[in-house]
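Secondary and tertiary structure notes
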Amino acid sequence: MGEFEVHRVRFFGLVPAGVRCLAWQPRGNRLALARTDGAVEIYNFAANYFMEKVIPGHDARSVEALCWASGERLFGAGLGGTITEYDLARLCVSSSLDGGGGPIWSMAANSSGTQLAIGCEDGSVKLFQVIPGGIQFERNLDRRKGRILCLSWHPSDTHIAAGSIDILRVLDVTSGQTLQRIMVNYHVQKVTRECVVWSIAFLSSGTVVTADSFGRVQFWDWERGTLVESHTVSTSAVLSLAVSEEEDSIVVGTSTGATYQLQLLPVKMGSLEKRWVRTKPFQYHTHDVRAVAHSSTALISGGLDAQLVIRPLMEKVQKKGYDVVLRKFTFPHRRLISCARKARLLLFQFSQHLELWRLGSTDETGKDGQVLPVCRLPEHLVQLKSKGPEHIYCSCISPCGSWVAYSTASRFHLYRVRYEGDGVSIKKVPKVPKLLLPAYQLQFSADSGSLFVASARGSVHVLQLPEPGGCKHLHTFRPPSGSPEAVYLLAVSGDGHWLAAVGGDWAIHIYNLKCLKHHCVVPTYSCAVTALAIHPLTNNLVIAYSDQQLFEFSIPEKQYTAWSRAVQNCGLHQAWLERDTPITHIAFNPKNPSHILLHDVYMFCLLDKSLPLPDNSALLMNQGALKQLPETVRRRQLHAFKICKKFQPLLFADMLDESCLVMVERPIMDIKTQLPPPIQQKKFGT
Amino acid sequence: MVAAAGLRVVRCGGSSLHGARAVFSADCKQVGYLLCASGDFVKMYSVATEETLRLMGGHGDLVTGIQLNPHNHMQLYSSSLDGTIKLWDFMDGIPIKTFTVGSKLLALYALAGSEDSVFVVTPKSGEQDAFQLVSVKLPKGAGQDLEARELSVVLDGVDASPKSTAFGREGEYVASVKEVNLQVYFFKQKQLNRFAVGGMKTKSGNSHFTCIACHPTEDCIATGHADGKIRLWRNFHHKKEYTFSTLHWHHDSVMDLAFSVEGSNLLSGGVESVLVLWHNVSERQKDFLPRLGSAIEYISVSPDGALSCTLHKDNRITIINSNLRFSKSIQGLIKSTDVKTGLVVDPRTKALVLNGEPGHLQFYSLQSDQQLFSLDIVQRQYIHQAGLNQTDLVKIAFSPQGKWLATVEEREEAADPELQLKLWFYDEETQSFKLNTRINMPHEDHITDMCFRDMDELEDDSLVLVTTGRDCVFKVWVMVEDTDPEAQQSVSWSCDFVGSYHSYQATNCCFSEDGSLLAVSFEETVTVWDSVTWDLKCTFCYPTGKLRNICFGRLTCSKYLIGATDNGFLCCWNLLSCALEWSAHLNILVLQPDPLSEYIAAISWLSKESSLFVFKPNEQWPIYIQRNLCKEKIQLAAFVPRDEPEVTGTEKYLWLRRSQLFFLTDTQELMTLSTKSLEERLTPSSKQLAVEESLPVTPFSLLLGKHRQQQSREDTDLGKRVVGNKPEQDSPAVKELLHTPAHVLPSASFLCPIFINSLLISKENKSVEEVADEVEMQSENTEEDSDEERDVTEMEQDGTNPMELLGEMTCKLSKSQERELRKIRKMDYSWLSAF
């Protein structure tokens, strides 16, 4: 693998926001997830659960409920009292409408996706019609006191069940009348606390399922108003509930971090009598499980510990594959860190501010595995706070370290940073050209002379940065065929000749910067691109896809390289393909052109193209084993993938120069200490 | 044949009650019986009175399973390691049929659905430790002994434990667990599903299966696991879409599970000695019955759901109400792992006294096979944890009249042991032992032996306790008047004399019969001391052999001192001549003198078998030798005095006339020697039918009771002799007649003379006769009543095996006849003695 001096950076204080709600879209095989800071993420389950799209949050726009309606339109509603529709191509809010009933606690779309019902603070349930280009208020249903915390449509769209504090109501959609009002704590003796119905589901059989703060999951016959079954699953509150499409399985999430599955099972073999039985408990979260979803093959849960957990149901999965393994996601599938290689600076992107750090340094050298004493400590140079409620979409620092750029939903900022001895002065560049915002990705050229701004509709703006500190719009690249999707990844060649851009439709366009024209399109591959980079010497474009495939495309020759064809022919190692997280960054070794540096959250890989590829019988992670072998045997065992798992979870890795690496870690324990304490639970034996 | 006339080694009482799940008789509300496999026998207890009603013997080896006959709940199937299944009429204790299967039977299951077959677990032929579940077709032959040869294998690779196989709802399926695999076989579909929990490995402990229970009405299987979890399996007719939920409370392995009759509740138990009731089989709602004393081995539920019972590791049955309240407990002999105290007979109750629960002394009644009471000696909380050094009871001794009890407890410490000598005084008022004196560190090292001076006449003043220790001394303890006015008791014990001999370790001590001499063995030497002056009188020594046991001869042989050495010699010294009288080369482990005669029993261990020698010290040749007494090593023995001398025919067994020899093997099996044949031994217990005692209180019974009371009051007026005679005369005969089931009774014309005869009282007061007449009338009434009741059951039974009953009847007839004759004979004797 070679020996490197590694900067092990642990001062990136990222705390991912907790998961607030989930919305599963079975047709598109996508999951919409809203975080407590208002950010909305789309996970594509077909593309190995890749976090396909991110809409950064907004201080004034909390999201309490998400739902998919009329095809692929995503709506969100929150305590701000507005219903927002998200534009998933441009990754921003397309329209928003005030609900008119105070803070909105819940929202549900009917089965055909033509109507939205919202539950408000004032106790009203309002219906909205989904029309092209937005939504329209339709009518108010019967209003009673008490906030509506959860809503569920009957699959026939004729009734709505609404859960409130201590009661649940069933409303008729056509008449708007309350048909049934059920006290949920009627059966509890001497109630002193109020019983909050946190989540509700209306089954086609007419059964209403409620999850309440007493830790019960209860099944009600709504017409008679009677309790059919009650399952006390937890001593603490049950916060979330989701029903499978076949209505034979329910997943619930509790405030202790446990999730439970309830299944509708026949009492006897062959008999029609069925009963709900609590079957499997899962404890993957440490904090409240605020949101659950039930796909046809998996239970999905999201908690305040910022984890998204996908637990496959083994009995539903037909064949063994990528889907049968439990997946946990804590970190975003994109890069929040940029590195100024020459100046040895790191720029960290937080939701509302940026931090600029100078790496420490050492004079000493040591052996493999030795920790070197730092003679100059890493230094926090600048904290740049974004003004306004909008969160940051993207940020970048130029390789020389003298330019910092970031973008929010409506504004684009470029700063000139000067280093005078130990001091730093930062100056905003005035008169930034007006661009189509937001920018989704920013990339400086290798000589820091120009800035590339990824924008909506597949366009990339090229800004020129003349030396004294100006900024000038030079050109805008557009894909020749046009594209509705925003560009989310950029790569620029070391010689400043080529620019590669990937849009939401996963097409990779290559532009010639010298002639300022479209060069070619990389043959389309049916998976999301997670990282790409252009080799500084050979101008080969290295592409990592979310299904863990790797391609190398020669830009000058407009075709895949021989090595890439060889990889495709013999296939990648099984263990490589079954990794959890996508590759988020690609770098190159300037000393050795055959080396490619790749990393995901759990490993760092040095890919040596000159060595043979491993076959499935070989051990993929063989670095430890190789060390023990004598020199001659070791040569025979060598293969292209040299993997190091020492640094976990790894958010960023890059090569500063030929012998120096920087690794940015974010230990899970550090995040846990930032979270509020979980519910105290007595553990046996302690 | 020698065995017929000779002595038989009989497993006596105390055999473990936890061979198989206990079975409740069908109607617990009326007359509840609890049937339980105990060693080679099946025991029947009354649920209401906890009394042992019947002991059904006949199996030649351990009984491994008992099940009510699903088609006739008055009958019971039992299976045994001897390869037979027996069908019993447990109300009468009669074996109806014996089916010989051939191979060992390890578990038995009977199903209502299968008409004439039962299921057994047998070892697979040719393979070690492989077992299979086999369905046995029970042939419908006429004879009593039938061969069941029609076997068909149902499941392969099952576990030998009866807890690891269970039959599901209406016998639709059978589920069996072994290690980490669960297999379910559906009879109708002929489908076998296998599931494993290996893939779902937990971080803590192993998830091996330990037991299984099936829901009575639903398709639900509950399995217990070694890590304390209970899994509830559902949907298991799908190979893939099966599912299970987990209940977890036990911290160690779940020993047994049982569903309630409706299946709404689940009972589970384990080493925690807590019975857990899971309401609606859900995790959140559960109730506990804690402090059940010891680990729960089996749980069973009565068919009407009113009662459940747990069988414990320490030979106890606990009967529990349906609302999870402790109701009754039946305690057998507690088998502690190491009986350090030896077998001691309590002179007061004639009960066997030995280590019971940790730190407790159990008083075990041999007659009733029940624990009389348990005395807490150590009086400290016992912590159930492996590897802890806890105080344990090591030595006990009773004073000759049973008034004083001395106990020694010790705690094994690395450096020096912690010792305590306690003296207990029997308090007549509270009828229990009260702590009198506690002596800390009576010796510097372990106490090896302890005895009281046995002087019958002057008990209190002359009472002396001698202890010997490894610290090379023996100490003499005497009672002193307590001078401290604040002391609660008037006397206490203190050390009077310390003797030693050449700094050898003192190993045994023993008083002569009259108490004048004390023998203390110091390794290879026996020293004899005067018990008044504590002077060393003489020493005996047998070359190269440390003494293991010593004892004085008794009665005519009191001039002899017997010692057994560890290099295999038995020596007898004459105290008068101070010379070795004789010696024999025998590796004696146990030397036990009979307190009531001059006989001494010695048990040797030679070439993997124990032999018994009974001898008189004055004769060199033993009176009785029984080689190959048993295969196990015998650790302890005791002579228990009989209530009344047994009449034995031959000279050979004269030594058994006054006391009975009991011995304990190293597998904690309590055995005895008996001259009687098995049937004879069983009769007394099967004779008493406690139907009457457990009858519910009806107005009629109250009326009857009132009459009885009156009658007894009148009896007391009549004087002692009548009282003595009356119950002997009328009750057994009348009882016998009334409570023998109608279908086994001989014809009325035959019975009448005997019955009348039994009611006739030889020339007594007139009033007695009147009373007797009254009783007769009433008993006739009851007879009619019971006849009506029994007609129904009789018809049912007729349907099943009419041929069988005929044979049974004649047999029974002669027996009862015989019994009557014996009774008449007895009556004559008493009449004679009146002269």
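Residues numbered from 1 in each chain as written. Chains lettered and ligands numbered in written order. Predicted model: local features only at pLDDT ≥ 70, side-chain atom pairs only at ≥ 80, totals over all residues. Heavy atoms only, no water.

Right, let's get into the overall build of chain A. Scanning chain A from terminus to terminus reveals five helices and 55 strands. Here the C-alpha atoms of chain A give a radius of gyration of 27 Å, agreeing with the 26 Å that 2.2 N^0.38 yields for 686 residues. A principal-axis box enclosing the C-alpha atoms of chain A has dimensions of 75 × 60 × 50 Å. By the burial criterion, 60% of the 686 residues in chain A qualify as buried. Pairs at least 24 apart in sequence give 49% of the contacts found in chain A among residues at least 6 apart. Taken as a whole, chain A presents about 27,900 Å² of accessible surface, with 51% of it coming from carbon and sulfur. For chain A, the distance from the average site of its 72 positive side-chain charges to the average site of its 59 negative ones is 2 Å. (Helix = DSSP H or I, 4+ residues; strand = E, 2+ residues; numbered from the N terminus. Rg over C-alpha atoms; globule rule 2.2 N^0.38 Å. Buried < 20%, exposed > 50% of the residue type's maximum accessible area, 1.4 Å probe, protein only. Contact = heavy atoms within 4.5 Å. Areas by Shrake-Rupley, 256 points an atom, 1.4 Å probe, with all protein chains shown as cover. Lys, Arg positive; Asp, Glu negative; His and termini not counted. Charge placed at Lys NZ, Arg CZ, Asp CG, Glu CD.)

Each aromatic ring pair is summarised here by two numbers: the centre-to-centre distance and the angle between the ring planes. Within the structure shown, the criterion is met by 55 aromatic pairs over all chains. Between tryptophan 576 of chain A and phenylalanine 641 of chain A the ring centres are 4.7 Å apart and the planes differ by 45°, which places this aromatic pair in the tilted class. A residue pair is termed long-range when its members are at least 10 positions apart, and tryptophan 576 of chain A in helix H2 (residues 574-577) and phenylalanine 641 of chain A in strand E53 (residues 641-644) qualify at 65 residues. Of the two residues, tryptophan 576 of chain A and phenylalanine 641 of chain A, both sit in the buried class. Taken together, the ring pairs connect Phe474, Phe497, Tyr501, Tyr504, Phe522, Trp529 and Trp534 of chain B into an aromatic cluster. Sitting over the ring of tyrosine 298 of chain B, lysine 163 of chain B keeps its end group 4.8 Å from the ring centre. (Phe/Tyr/Trp six-rings, centres within 6.5 Å; stacked < 30°, edge-to-face > 60°. Lys NZ or Arg CZ within 6 Å of the ring centre and 35° of its normal.)

Applying the stated rule across the entire model yields 41 salt bridges over all chains. Taking the shortest distance from any N to any O, the salt bridge between glutamate 315 of chain A and lysine 280 of chain A comes out at 3.6 Å. Highlighted residues: glutamate 315 of chain A in the loop between strand E28 (308-312) and strand E29 (327-329) and lysine 280 of chain A in strand E25 (residues 274-283), separated in sequence by 35 residues. Of the two residues examined, glutamate 315 of chain A and lysine 280 of chain A, each falls in the buried class. The closest approach of N and O atoms between glutamate 297 of chain B and lysine 313 of chain B, which form a salt bridge, is 3.2 Å. Placement of glutamate 297 of chain B in strand E27 (residues 296-301) and of lysine 313 of chain B in the loop between strand E28 (307-312) and strand E29 (316-321) is noted, with a sequence separation of 16 residues between them. Owing to a relative accessible area of 43%, lysine 313 of chain B belongs among the partly exposed residues under this scheme. One connected set of salt bridges, linked through shared partners, spans Arg169, Glu170, Glu172, Lys188 and Asp219 of chain B. (Salt bridge = Lys/Arg side-chain N within 4 Å of Asp/Glu carboxyl O.)

With that settled, the discussion passes to unusual backbone geometry. All names here are of chain A. The step from glutamine 648 to proline 649 runs through a cis peptide bond, and the omega angle for that step is -20°. Considering the arrangement of structural elements, one finds proline 649 in the loop between E53 and strand E54 (650-657). Of note in the backbone geometry, asparagine 29 takes a positive phi value of approximately 55° without being a glycine. Assignment of secondary structure puts asparagine 29 in the loop between strand E2 (19-25) and strand E3 (30-35). Looking at asparagine 29, the relative accessible area reads 29%, which means it is partly exposed.

Let us look at the environment of glutamate 3 of chain A. As for its placement among the helices and strands, glutamate 3 of chain A is situated in the segment before strand E1 (5-9). Along the chain, glutamate 3 of chain A and histidine 535 of chain A lie 532 residues apart, while their C-alpha atoms are 21 Å from each other.

Looking now at the interface of chain A and chain B. By convention, interface size is frequently given as the accessible area that disappears when the constituent parts associate. Listed by partner, the interface residues are 21 residues for chain A and 19 residues for chain B. Where chain A abuts chain B, roughly 1,800 Å² becomes buried across the two surfaces, and 53% of that area is made up of carbon and sulfur atoms. Per-residue buried area on chain A facing chain B is highest for Lys268, Met269 and Glu315 of chain A; these three make up 33% of the total on that side. Remark: the boundary between chain A and chain B carries one salt bridge. Between arginine 275 of chain A and glutamate 218 of chain B there is a salt bridge, with the nearest N and O atoms lying 2.5 Å from each other. At the level of elements, strand E24 (258-266) and E25 of chain A are the ones that each hand at least two residues to the side of chain A that touches chain B. (Buried area = accessible area lost by both parts, 1.4 Å probe.)

One broad rule of soluble globular proteins: the nonpolar side chains tend to lie buried together. In terms of nonpolar packing, the biggest core is built from 37 residues, with Leu66, Leu74, Phe412, Leu414, Leu442 and Leu451 of chain A touching the most fellow members. Broken down by element, the residue count for this core peaks at three residues, all from strand E34 (residues 392-397) of chain A. Formed by 30 residues, the second largest nonpolar core is a distinct cluster that contains Cys571, Cys572, Leu575 and Trp582 of chain B. (Core = buried A, V, L, I, M, F, W, Y, C linked by side-chain atoms within 4.5 Å.)

Once that is clear, we can look at the UniProt feature "repeat: WD" (unreviewed entry) in chain B. Residues and elements named next belong to chain B. Taken from the UniProt record, the annotation "repeat: WD" (unreviewed entry) applies to residues 56-98 and 247-278. End-to-end, the C-alpha atoms of residues 56-98 are 13 Å apart, and along that stretch the chain is 0% helix and 65% strand. End-to-end, the C-alpha atoms of residues 247-278 are 9 Å apart, and along that stretch the chain is 0% helix and 56% strand. (UniProt positions renumbered as here; feature names shortened; annotations may be inferred.)

Our next topic: the domain arrangement of chain B. Residue and element names in this part refer to chain B. Domain annotation of chain B identifies domain 1 (9-162) and domain 2 (164-332). With 33 residues of domain 1 in contact, the opposing surface of domain 2 contributes 36 residues. Between domain 1 and domain 2, the buried area comes to about 2,900 Å², and carbon and sulfur atoms account for 65% of it. The interface formed by domain 1 and domain 2 holds one salt bridge in total. The shortest N-O distance in the salt bridge between arginine 21 and aspartate 256 comes to 2.7 Å. (Domains from an automatic or database assignment.)

Glancing now at the pairing of E3 of chain A. All names here are of chain A. Summarising burial for E3: six of the six residues are buried, a large majority. Burial along E3 is two-sided: Arg30, Ala32 and Ala34 facing one way and Leu31, Leu33 and Arg35 facing the other are all buried. Here six bridges tie E2 to E3, and the two strands are oriented antiparallel to one another. Bridge pairing in E3 links cysteine 21 to alanine 34. Count of turn residues in the E2/E3 antiparallel hairpin: four residues, of which asparagine 29 carries a positive phi of about 55°. (Pairing = 2+ DSSP bridges.)

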